[in-house]
Structure formats: C-alpha cells, structure tokens
Amino acid sequence: MATTRPETMFGDTAVAVNPSDERFSGLKETHVILPLTNRIIPIIQDDYVDTAFGTGALKVTRPMIPTILISGKTWAGAHQGH
C-alpha cells in the first residue's frame, strides 16, 4: 500500500480491499501492523475500493475523506466491539 499522506497514518483505522480482488483473497479477517505506531489494524473488505486504482488497497482514515468516512462508519457499525 502506498500513500502520499503519511502524516495521516496516525488516524488510520483499517486497510480496505475489494472482496472481488484476487490479489487480496487470502487476507480475509487478517490484520497488519501500522508503521510508526506499531498498532494492529484490520484488513477489511469493501466494494468501494477501486481495484484498478493504485495498489488496490485503501487505508481507512475516517476523518480525512468524506467517502471513506461513510465507508468507515458503515464498517464500524457492523463491527462494534472489534
């Protein structure tokens, strides 16, 4: 995963991948370690992620981008307590 905004990594809550993207098919219900903080964040599946854009993995920083805010709220509401 690549980013042009590394300063936002402190607010990252997940990494999203498209469930139809074969490159990430083995990563369902797994986690990654967030660099800089060593926090463990989940890899989630979301149809919003464009498989043809960039790496196909999207860092979820809910306060930063309105569409991610919506996606993040949807994910967070479905995964309370995780």
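Our subject in this report is the structure included herewith.

**Section: unusual backbone geometry**
- Of note in this structure, Glu29 is not a glycine but carries a positive phi near 60°.
- On the secondary structure map, Glu29 appears in the loop between β1 (14-17) and β2 (31-34).
- With relative accessibility at 68%, the residue Glu29 sits in the exposed group.
- Even without a glycine there, the phi angle at Asn38 is positive, about 60°.
- By the secondary structure assignment, Asn38 is in the loop between β2 and β3 (39-45).
- For Asn38, a relative accessible area of 63% translates into the label exposed.

**Here we look at the nonpolar core**
- Formed by Met9, Val15, Val17, Phe24, Leu34, Ile41, Ile43 and Ala57, the largest nonpolar core amounts to eight residues.
- Elements supplying a minimum of two residues to this core: β1 and β3.
- Aside from chain neighbours lying at most four places away, what touches Phe24 is Val17, Thr55, Gly56 and Ala57.
- In this structure, Ala14, Ile44, Val49 and Val60 belong to the second largest nonpolar core, which totals five residues.

Analysis parameters
Residues numbered from 1 in each chain as written. Predicted model: local features only at pLDDT ≥ 70, side-chain atom pairs only at ≥ 80, totals over all residues. Heavy atoms only, no water. Helix = DSSP H or I, 4+ residues; strand = E, 2+ residues; numbered from the N terminus. Buried < 20%, exposed > 50% of the residue type's maximum accessible area, 1.4 Å probe, protein only. Core = buried A, V, L, I, M, F, W, Y, C linked by side-chain atoms within 4.5 Å. Contact = heavy atoms within 4.5 Å.

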